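Report on the structure
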Amino acid sequence: MPRYRAFLIDLDDTLYDRAPVFRAWLDDLAAGQLGRTLDDAERAEVEELDRRGHRSRHELAADLAARFGLRFDPVAFPHDLAARLTDEPEARAAIAALARTCRVAIVTNGGGAQRAKLARIGVADLVHATFVSQEVGHAKPAREIFELALRWTECAPGDVVFAGDHPTTDLAPASALGMATAWRVRGAWPADLAPPTHRFHDVAELLDLR
């Protein structure tokens, strides 16, 4: 008997590492507008402002303009990141293997760029469904997007695992609905939250949860 019958999986910083993609975008932006790339301290400051994508890109745009004189289009920003993604063989192989025996869906915040990202990393045609916040009208951590994805699985919550990188945006809401959780380890787990059911450092480890 399978351990779990369905996997709901976040995209950014779960199926691929967003940090090097963001840095490549930032280096190109700075080189084009300042004639140089940012130094390590400046880059670290920008990454702190970005919060690994868990912050309004409009706020990020205002901060970069004020602090560094760097300007970018917040609307185009997700598409610019998507264009820098490349194939993720490990993620593709893991998702393909999961999808052979379990129901697998992506649950992600964002808009059309998220589908472009899935295509770029090679998993768009492997998952059985994709729930994008702007398409369904609810964004994580709102309960509704988790309920929608859970209903799609046609499984009891205890037979579903939600895999993601963000404790409060991805995993706490899934846990509140009774789903098991798998944390893609990024930084430290918050002390005020109950620990995740599982932890993983690369996507292939999800195969151990089948």
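Details of the structure are given in the entry above.
In what follows, the accompanying structure is described. (Residues numbered from 1 in each chain as written. Predicted model: local features only at pLDDT ≥ 70, side-chain atom pairs only at ≥ 80, totals over all residues. Heavy atoms only, no water.)

**Looking at the pairing of strand 5 (residues 180–184)**
Counted only if it meets this: Exposure classes here rest on a 1.4 Å probe applied to the protein chains alone. A residue is buried below 20% of its type maximum, exposed above 50%, and partly exposed in between. Here a strand is any run of E in DSSP of at least two residues, a helix any run of H or I of at least four, and the numbering for each starts at the N terminus. Think of it this way: DSSP has to see at least two bridges between two strands before they count as a pair. When the strands point away from the viewer and the connection leading from the first strand across the helix to the second strand turns clockwise, the crossover is called right-handed.
Here strand 5 lies mainly inside the structure; five of its five residues are buried. Neither face of strand 5 is open: one carries A180, A182 and R184, the other T181 and W183, and all of them are buried. Alignment of strand 4 (residues 160–164) against strand 5, held across four bridges, turns out to be parallel. Each bridged residue has a counterpart across the sheet, and for A163 the counterpart in strand 5 is A182. In this fold, strand 4 hands off to helix 9 (residues 167–176), which returns the chain to strand 5; that crossover is right-handed. Bridging between strand 5 and strand 6 (residues 198–200) involves three bridges; their strand directions are parallel. Bridge pairing in strand 6 links A182 to H198.

**Digging into the sheet that holds strand 1 (residues 6–9)**
The line we're drawing: Every axis corresponds to a line fitted to the C-alpha atoms, with the helix fit spanning only the stretch in contact, and the corresponding angles, defined between N-to-C directions, vary from 0 to 180 degrees. Contacts are residue-level and defined by heavy atoms, with any inter-residue pair within 4.5 Å sufficient.
The strand order across the open sheet built from six strands is 3-2-1-4-5-6, with neighbouring strands paired in parallel fashion. Every interior strand has two partners, whereas the edge strands, strand 3 (129–132) and strand 6, have only one. Strand after strand, the sheet turns through a mean of 20° between neighbouring axes, direction not considered. Both strand 1 and strand 2 (residues 103–108) contribute to a ladder of four bridges, which runs parallel. Bridging from a neighbouring strand, A6 pairs with R103 of strand 2. Packing against the sheet, helix 8 (residues 143–153) makes contact with strand 1, strand 2, strand 3 and strand 4, and its axis sits at approximately 165° to strand 2.

**Looking at helix 5 (residues 89–101)**
Heads up, the rule is: One less than the number of residues in a helix, times 1.5 Å, gives the span that helix is expected to have.
Taking 1.5 Å per residue as the helical rise, helix 5 with its 13 residues ought to reach 18 Å, and the 19 Å between its terminal C-alpha atoms agrees with that figure. Those residues of helix 5 that fall on the buried side of the exposure criterion are A91, A94, I95, A96, A97, L98 and A99. Buried positions along helix 5 lie against strand 1 and strand 2.

**Remarks on the environment of W183**
The topology assignment puts W183 in strand 5. Given a relative accessible area of 1%, W183 falls into the buried group. Spatially, the C-alpha atom of W183 lies 23 Å from that of R120, the residues being 63 residues apart in sequence. When sequence neighbours within four positions are dropped, the list of residues in contact with W183 reads G164, D165, P167, L171, A188, W189, P196, H198, R199 and F200.

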